[in-house]
Amino acid sequence: MIKSPPTILPLFAALAFFISLIQAFGQSPPINHIPELSCRIDRISPQERSLAISCAATLTAGRFQLRFADEFAGVDRLSERVYGLKIRDDKGAALLPEIRGGGLYYFNAPGQRQITINYEMRLARAMAPDQYALVSSLGAEAGFLMLGDLLPRLCPDQADDEAANRTRLQITAPQLWRIATTEKASGEFFEVSDPQRAVFFLGRLREKTATVGTMSLRMAVAGDWAFSDEEVFKFAEAAAREQAGMIGGAAGNSLIMLAPFPQPLTGLRSSAITLGRTAVLMLNPNNDAAATFAHYRRHVAHEMFHFYLPNAFRIRENFDWFWEGFTRYIALITLLRLRLIGQREYLDAIGAEYEAYWFNPLRNQVSLIEVSPEKFANAANYDLVYRKGMLVAALYDLELRWQSRGKRNLTDVMRALYQGYAARGREIGNREVLDEMRRSGDFSRPISDLIRDDIESLREINLNERVKRYGLVAEWSATGRGGMKLKAAAKLSERQRMLLSGY
Ligand SMILES: [Zn+2]
């Protein structure tokens, strides 16, 4: 047996003591720390569209704040879905909370004992169609459980720590339903480090996992569709590969989910959200299967690009004009590069954005930079961010490709931003995005200064004037509802022909 030299032994012992001290702190957090929660979601009723939640935590003595999300992405009064909240100590005695409204409660914990929080969530409230995917929902065929609005945040009253409650979660799914998530499973539990980003998809799911470079792409589908699951899986895999190529990176472990809306709606529509690397998409079909699938493809390609922009970045401020408007354009480019749409659909889509921009009452009132943080204030703001945002992305891409004779395009700028900021963990905001955009070419001529006029201020965009030299013609149609039509000119120069066929 080899004896350790005596000089090393005390140091080793001290180190071991230090490590065990850290572990002890890990097990019972000191005062003012954010407690860990152990939660269970059960009695999930697709008919009643309700579920029961029970959370336990061991708390130090003192006053605690319990806060349910009340507003998310423009959806308000979320805390009104909480029913029958009861807080009890380990002997079953009720701890009566002080109710502040808006989902905010205070209570006194007796100290070093376990308390339990029980309540029911009723998710049947009707919403605007495009809002359904933004918050937790439950329907006959599937449910999306987003812990950010289902679980409360529990912290000491005076805590200035904004850390999340690490949560150990158990979900009892309805019979024959399965669970898909990117959260870490250990045995019967999920270990959730950040409940704000955690999403669980429940239903009679069909699933497939594909490996795309270093990325593991999980796809899950619920509901009956006029297109096959295989078509959904095949498209998602192709889009993931295309976008990873564009950005020169990979999104890691990702999950894409497709489900019907929790209640039937009219017309072809969809609602989606991407949290971290999980994209949730609800689709309501019309009776044209091809149009429904085309709508799905464009929307899911948009959501998938959010794995990178903005979700892979450290964001300093809101620049939605870029991460929504430009992502909308990248979704279109993804379809174009995969040859799922042609030049006609590409130009039609840009024409439609111009039309939306033209009829937006705020187009001469507020710039893209200014409107972005106010996206949810009203429909016109929201529309301007997405539609003018995409129009400007298209104009920028066309100009960059024109100047470089097809050698550079918008995806090069995206890649530079991803490599320079996301991959290196550097913070990003409007300034960094605009600097990178400026660096790639000369955007101060010939007709306008694209970045200054279209993004930083609000000079009116004359589409025909802007696209003429690319060999495009923009015309208001005199018939029907008078839409904007963008098309290739009858005669094209060689450079124009190269530009328009060079995607
Ligand atoms: Zn988006």
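How each quantity is defined
Residues numbered from 1 in each chain as written. Predicted model: local features only at pLDDT ≥ 70, side-chain atom pairs only at ≥ 80, totals over all residues. Heavy atoms only, no water. Helix = DSSP H or I, 4+ residues; strand = E, 2+ residues; numbered from the N terminus. Rg over C-alpha atoms; globule rule 2.2 N^0.38 Å. Buried < 20%, exposed > 50% of the residue type's maximum accessible area, 1.4 Å probe, protein only. Contact = heavy atoms within 4.5 Å. Areas by Shrake-Rupley, 256 points an atom, 1.4 Å probe, with all protein chains shown as cover. 1 Å grid on protein atoms, 1.4 Å probe; cavity = no way out; pocket = protein on both sides within 12 Å on 5 of 7 lines; lining within 4 Å. Points joined across faces, edges and corners; volume = space filled by probe spheres on them. Nonpolar A, V, L, I, M, F, W, Y, C, P; charged D, E, K, R; others polar. Phe/Tyr/Trp six-rings, centres within 6.5 Å; stacked < 30°, edge-to-face > 60°. Donors = N, O, S within 2.8 Å, 3.2 Å for Na, K, Ca; no water. Axes fitted to C-alpha atoms, helices over the stretch in contact; angles between N-to-C directions. Parallel < 35°, antiparallel > 145°, perpendicular 65-115°, else oblique. Left-handed = near helix turned anticlockwise from the far one by under 90°. pLDDT = per-residue confidence, 0-100. Domains from an automatic or database assignment. Pairing = 2+ DSSP bridges. Core = buried A, V, L, I, M, F, W, Y, C linked by side-chain atoms within 4.5 Å. Right-handed = clockwise from strand over helix to strand, strands pointing away.

Trainee: Account for the overall build of the protein, with residues named and values stated.
Mentor: Summing up its helical and strand segments, the protein has 13 helices and 24 strands in all. By the compact-globule yardstick of 23 Å for 503 residues, the protein fits well, its C-alpha radius of gyration being 26 Å. The principal-axis extents of the C-alpha atoms in the protein amount to approximately 85 × 65 × 45 Å. Within the protein, buried positions represent 51% of all 503 residues. A fraction of 68% describes how many contacts in the protein between residues 6 or more apart in sequence connect residues 24 or more apart. Just so you have it, the protein exposes about 23,400 Å², and 51% of that area is on carbon and sulfur atoms.

Trainee: With reference to specific residues and values, describe empty space enclosed by the protein.
Mentor: Unoccupied space between atoms shows up once a probe the size of one water molecule is rolled over them. Overall, the coordinates contain 4 cavities of 30 Å³ or more when judged by the stated rule. When its volume is computed, the largest cavity comes out at roughly 110 Å³. Residue classes in the lining of the largest cavity are distributed as 6 nonpolar, 1 polar and 4 charged.

Trainee: Would you mind going over the packing of aromatic side chains in detail, with residue names and values included?
Mentor: Under the criterion given, the structure shown has 28 aromatic pairs. Between F144 and F201, the aromatic rings sit 4.6 Å apart at their centres with planes inclined by 10°, giving stacked as the arrangement. Of this pair, F144 sits in strand β9 (residues 142-146) while F201 sits in strand β15 (residues 199-203), and the two are 57 residues apart along the sequence. On the basis of relative accessible area, F201 is assigned to the buried category, the value being 0%. Taking the centre distance of 6.4 Å and the plane angle of 40° together, the rings of F319 and F322 count as tilted. By the burial criterion, F319 is buried, and F322 matches it.

Trainee: Could you give an account of the coordination of the zinc ion, with specific residues and numbers?
Mentor: Those donors, H302 (NE2), H306 (NE2) and E324 (OE), are the protein atoms that reach the zinc ion, and they lie 2.0 to 2.1 Å from it. A relative accessible area of 6% places H306 in the buried class. What makes E324 buried here is its relative accessible area of 8%.

Trainee: An account of the packing of helix α8 (residues 379-403) against helix α13 (residues 494-501) is needed here, citing residue identities and associated values.
Mentor: Running from N to C, α8 and α13 cross one another at 130°; their axes reach a closest spacing of 10 Å. By the criterion of interaxial angle, the relationship of α8 to α13 is oblique. The two elements α8 and α13 meet at a crossing, and its hand is right-handed. Counting all contacts with α8, which are made through L398, R401, W402 and Q403, the residues of α13 involved are R495, Q496 and L499.

Trainee: Pulling in residues and values, what's your account of the confidence of the model for the protein?
Mentor: Confidence in the prediction for the protein averages 90 pLDDT; 93% of positions are at 70 or higher. Confidence, expressed as mean pLDDT per element, reaches its minimum in the protein at helix α1 (residues 8-27) with 40 and its maximum at strand β11 (residues 167-171) with 98. Confidence over residues 1-31 falls short of pLDDT 50; this stretch has 5 contacts with residues more than four positions distant or in other chains.

Trainee: For the domain arrangement of the protein, give the residues involved together with the corresponding values.
Mentor: Here the protein is described as being made up of domain 1 (37-204) and domain 2 (309-501). The distance between the C-alpha centroids of domain 1 and domain 2 comes to 40 Å.

Trainee: Could you give me a rundown of the packing of helix α3 (residues 229-247) against helix α9 (residues 410-422), with the residues and numbers involved?
Mentor: At a minimum axis separation of 7 Å, α3 and α9 run at an interaxial angle of 75°. As judged from the angle between their axes, α3 and α9 are roughly perpendicular. Residues G245, M246 and I247 of α3 touch α9, and the partners they reach there are T411, M414, R415, Y418 and Q419. Its residues assigned to classes, the contact of α3 with α9 shows 4 nonpolar, 3 polar and 1 charged.

Trainee: Requested: an account of the sheet that holds strand β17 (residues 215-221), with residues and values cited.
Mentor: Read across the open sheet, the 5 strands follow the order β16-β17-β18-β20-β19; overall the sheet is mixed. The open sheet has two free edges, formed respectively by β16 (206-212) and β19 (269-275), since each of these has just one partner strand. If you compare each strand with its neighbour and ignore which way they point, the axes differ by 15° on average. When strand β18 (residues 253-260) meets strand β20 (residues 278-284), the two strands line up parallel, connected through 6 bridges. Its bridge partner lying in β20, A259 is registered against M282. Against the sheet, α3 makes contact with β16, β17 and β18, and its axis sits at roughly 25° relative to β16, the strand it touches most. Along the sheet, helix α4 (residues 289-305) makes contact with β18, β19 and β20, crossing β19 at roughly 20°.

Trainee: Let's hear about the nonpolar core: which residues, and what values?
Mentor: Soluble globular proteins tend to bury their nonpolar side chains together. Membership of the largest hydrophobic core comes to 96 residues, with the highest contact counts inside it found for W321, F322 and M437. Of all the elements, α8 adds the most residues to this core, at 14 residues. L37, I87, I115 and V192 belong to the second-largest nonpolar core, a separate cluster that totals 38 residues.

Trainee: Tell me what's going on with the environment of L147, and back it up with residues and numbers.
Mentor: When you line up the elements, L147 lands in helix α2 (residues 147-150). The exposure class of L147 is buried, given its relative accessible area of 1%. Separated by 88 residues in sequence, L147 and L59 have C-alpha atoms that sit 21 Å apart. Setting aside residues no more than four positions away along its own chain, L147 makes contact with I41, L169, V192, P195, A198 and F200.

Trainee: Tell me what's going on with the pairing of β17, and back it up with residues and numbers.
Mentor: The side chains of a regular strand alternate, first on one face of the sheet and then on the other. Most of β17 is tucked away: 5 of the 7 residues are buried. Pairing between β16 and β17: 7 bridges, direction antiparallel. The partner of R206 across the bridge, within β17, is V221. Here β16 folds back onto β17, and the loop between the two strands holds 2 residues, one of which, G213, carries a positive phi near 60°. The sheet contact formed by β17 and β18 spans 6 bridges and is parallel. Each residue of the ladder has a partner; that of R218, found in β18, is L255. Traced from β17 through α3 to β18, the parallel crossover comes out left-handed.

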